[in-house]
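In case you want the letters, here they are:
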Amino acid sequence: GAVVSQHPSRVICKSGTSVKIECRSLDFQATTMFWYRQFPKQSLMLMATSNEGSKATYEQGVEKDKFLINHASLTLSTLTVTSAHPEDSSFYICSARLGRDPDTQYFGPGTRLTVL
Amino acid sequence: QKEVEQNSGPLSVPEGAIASLNCTYSDRGSQSFFWYRQYSGKSPELIMFIYSNGDKEDGRFTAQLNKASQYVSLLIRDSQPSDSATYLCAVNMYSGGGADGLTFGKGTHLIIQP
């Protein structure tokens, strides 16, 4: 089956620093990748849609200058949380889409970000 | 506001019984509907998807969709303790604008009692 990895799985950083999270599709090329965020006891919230070779599309209320997304290849998308603050502490999950149909979204294992 | 609503639970079901999970959605234009299972601290795992009105069965799982009522459900037959998890309903509310990720409900916490 299609496998999506994320790195790192956990990260703890100081307030004001930047953190980069990688999302890789290991055995398929992903035309589109998505970034979600999940706060404790809350649902996943779509942050942005990342298409290879083009600018990401951000959901309303998500600061594009704070959450930088780079989709440089068909197997790698990165999310950089710039100048992180404690309120950015969350579970960040990416998904990769194999084809055009939405049912072919495969989720990565998630990255737990804690900002002190 | 595009919304997906679920009862947060917990829903407690005896082992071997049928667990019934429900979800409503706000966008009538929604095309695709998904049920994910999420264990604590883990990412979601796809259980089933359904596109058309009616029932879709896969093993012990049956998804039901009623677009007129904007309602989707998941039935789990012969519930097992390993089915204990949070079940997320997700809807693809594709607007044609390019951002066609999934809109998730908050999830229903299901507990299967041995």
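Up top is the structure these notes are about.
For clarity, every value in this text was computed on a predicted model and none was experimentally measured. (Residues numbered from 1 in each chain as written. Chains lettered and ligands numbered in written order. Predicted model: local features only at pLDDT ≥ 70, side-chain atom pairs only at ≥ 80, totals over all residues. Heavy atoms only, no water.)

Draft legend 1. Highlighting the sheet that holds strand 3 (residues 19-25) of chain B. Residues and elements named next belong to chain B. With antiparallel pairing, the five strands of this open sheet are ordered in space as 1-3-8-7-6. Of all the strands in the sheet, the pair left with one neighbour each is strand 1 (4-5) and strand 6 (54-58). Strand direction decides the pairing type here: strand 3 and strand 8 (residues 71-76), joined by six bridges, are antiparallel. Paired with Ala19 across the two strands is Ile76, which belongs to strand 8. (Pairing = 2+ DSSP bridges. Helix = DSSP H or I, 4+ residues; strand = E, 2+ residues; numbered from the N terminus.)

Draft legend 2. Structural detail: the sheet that holds strand 1 (residues 4-7) of chain A. All names here are of chain A. The four strands are arranged 1-3-8-7 in an open sheet whose pairing can be described as antiparallel. Looking along the sheet, the strands with just one partner apiece sit at the ends: strand 1 and strand 7 (67-73). On average, each strand axis in the sheet is tilted by 15° relative to the strand beside it, whichever way the strands run. Sheet topology places strand 1 next to strand 3 (residues 19-25); four bridges connect them, and they run antiparallel. Residue pairing across strands places Val4 opposite Ser25, the latter belonging to strand 3. (Axes fitted to C-alpha atoms, helices over the stretch in contact; angles between N-to-C directions.)

Draft legend 3. Quick look at the state of the cysteines. For the coordinates displayed, the defined rule picks out two disulfides over all chains. The disulfide partner of Cys23 of chain A is Cys94 of chain A, and the S-S distance across this bridge is 2.0 Å. Judged by the sign of its S-S torsion, about 80°, the bond between Cys23 of chain A and Cys94 of chain A is right-handed. Of this pair, Cys23 of chain A sits in strand 3 while Cys94 of chain A sits in strand 9 (residues 90-97), and the two are 71 residues apart along the sequence. Cys94 of chain A matches Cys23 of chain A in its accessibility class, with the two residues each being buried. Covalent S-S linkage joins Cys23 of chain B and Cys89 of chain B, the inter-sulfur distance amounting to 2.1 Å. Here the disulfide of Cys23 of chain B and Cys89 of chain B is left-handed, its torsion about the S-S bond being about -70°. On the criterion of sequence distance, the pair formed by Cys23 of chain B in strand 3 and Cys89 of chain B in strand 9 (residues 85-92) is long-range, its members being 66 residues apart. In this structure, Cys23 of chain B and Cys89 of chain B share a single accessibility class: buried. Cys94 of chain A supplies the cysteine sulfur nearest to Cys13 of chain A, a cysteine that is in no disulfide, at a spacing of 18 Å. (Disulfide = S-S within 2.5 Å. Buried < 20%, exposed > 50% of the residue type's maximum accessible area, 1.4 Å probe, protein only.)

Draft legend 4. Summary view of the interface of chain A and chain B. Between chain A and chain B, the residue contacts involve 23 residues of the former and 22 residues of the latter. Around 1600 Å² of area is buried between chain A and chain B when both sides are counted, 53% of it from carbon and sulfur atoms. Joining chain A to chain B, the criterion identifies zero salt bridges. Linking chain A with chain B are four residue pairs in polar contact (both at pLDDT 80 or more), by the criterion used here. Listing elements by their share of the side of chain A that touches chain B, those giving two or more residues are strand 4 (32-38), strand 5 (44-51), strand 9 and strand 10 (105-107) of chain A. Partitioning the side of chain A that touches chain B into residue classes produces nine nonpolar, eight polar and six charged. (Contact = heavy atoms within 4.5 Å. Buried area = accessible area lost by both parts, 1.4 Å probe. Salt bridge = Lys/Arg side-chain N within 4 Å of Asp/Glu carboxyl O. Polar contact = N/O pair within 3.5 Å; in protein donor to acceptor, adjacent residues only side chain to side chain. Nonpolar A, V, L, I, M, F, W, Y, C, P; charged D, E, K, R; others polar.)

From the geometry alone we can't say anything about function, so treat these as descriptive.
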